[in-house]
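Per-entry structural report
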Amino acid sequence: QVQLVESGGGLVQAGGSLRLSCVVSGTIFSINNAMGWYREAPGKQRELVAKFTRGYTTTYTDSVKGRFTIFRDFHKNTMYLQMNSLKPEDTGVYYCNVHVTSWGSDYWGQGTQVTVSS
């Protein structure tokens, strides 16, 4: 019954911008649960990009600091990733994630492809 639906990926030139969206069904979209964005490039492991921790703060991987911003709208049950000044190395499949604290479980979206050309 829990479902995460992502959108917003696409092909952009270096220096461009994209906004990714993740609509979360059910009751797990809560400040009690950590949630964020991960990405996976070909030949590389899935890595954290940005997240809200259960401590109610945000964290970013060093390579995106100052360029990416994570947002969420509790009225819409939607999490966003605003990506500016995109670089070719940002290319990959981006996944949204919610970690449900009370269940100790992770839920993932289907992924959305981001391709940045030079």
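An account of the accompanying structure is given in this report.

1. Observations regarding the overall build of the protein chain
Secondary structure summary: the protein chain contains 0 helices and 11 strands in total. The secondary structure elements of the protein chain, listed N-terminal to C-terminal, are β-β-β-β-β-β-β-β-β-β-β. A globule of 118 residues ought to have a C-alpha radius of gyration of about 13 Å, and the protein chain, at 14 Å, matches this closely. Taken along its principal axes, the extent of the C-alpha atoms in the protein chain is 45 × 30 × 25 Å.

2. So, the side chain of Arg67
When you line up the elements, Arg67 lands in the loop between β6 (58–60) and β7 (68–73). Relative accessible area serves as the criterion here: at 10%, Arg67 is assigned to the buried category. At a separation of 2.8 Å, a polar atom in the side chain of Arg67 contacts the main-chain carbonyl oxygen of Ser63. Here Arg67 is in contact with Gln82, Met83, Asn84, Ser85, Leu86, Lys87 and Asp90, once residues within four sequence places are set aside.

3. So, the sheet that holds strand β3 (residues 18–24)
On the basis of which strands lie adjacent, the open sheet formed by 4 strands has the order β1-β3-β8-β7 and antiparallel pairing. Looking at which strands have only one partner, the edges of the open sheet turn out to be β1 (4–7) and β7. On average, each strand axis in the sheet is inclined to that of its neighbour by 15°, with strand direction left out of account. Note: β3 against strand β8 (residues 78–83), 6 bridges, orientation antiparallel. Opposite Leu18, over in β8, you have Met83 as the bridge partner.

4. Here's the deal with the packing of aromatic side chains
Scanning the model with the defined rule gives 3 aromatic pairs in all. Judged by centre distance (5.4 Å) and plane angle (70°), the rings of Phe29 and Phe74 are edge-to-face. In this pair, Phe29 sits in the loop between β3 and β4 (34–40) while Phe74 sits in the loop between β7 and β8, placing the two residues 45 residues apart along the sequence. By relative accessible area, which is 7% here, Phe29 ends up buried. On the basis of relative accessibility, which here comes to 38%, the residue Phe74 falls in the partly exposed class.

What counts and how
Position labels on residues start from 1 in each chain and follow its written sequence. For a predicted model such as this one, the threshold for reporting local features is a pLDDT of at least 70, and the threshold for listing and counting side-chain atom pairs is 80 or more; totals across whole chains, interfaces and linings nevertheless cover every residue. Only hydrogens and water are set aside; all other atoms, that is, all heavy atoms of the structure, feed into the side-chain values. Helix and strand assignments come from DSSP, with helices taken as H or I runs of at least 4 residues and strands as E runs of at least 2, each series counted from the N terminus. To get the radius of gyration, use the C-alpha atoms; to get the globule rule, take the number of residues to the power 0.38 and multiply by 2.2 Å. Categorising residues by exposure relies on relative accessible area from a 1.4 Å probe, with only protein chains included: less than 20% of the type maximum marks a residue as buried, more than 50% marks it as exposed, and the intermediate range marks it as partly exposed. Counting of polar contacts relies on pairs of N or O atoms within 3.5 Å, with two restrictions inside protein: one atom must be capable of donating a hydrogen and the other of accepting it, and residues adjacent in sequence are counted only when both atoms are side-chain atoms. The contact criterion used is simple: two residues touch if any of their non-hydrogen atoms lie within 4.5 Å. Two strands pair under a simple rule: DSSP has to find at least two bridges between them. Each axis is a line fitted through C-alpha atoms, taken for helices only over the stretch in contact, and angles between the N-to-C directions span 0 to 180 degrees. Within 6.5 Å between ring centres, the rings of Phe, Tyr and Trp (the latter by its six-membered ring) count as paired, and their orientation is classed by plane angle as stacked under 30 degrees, edge-to-face over 60, tilted in between.

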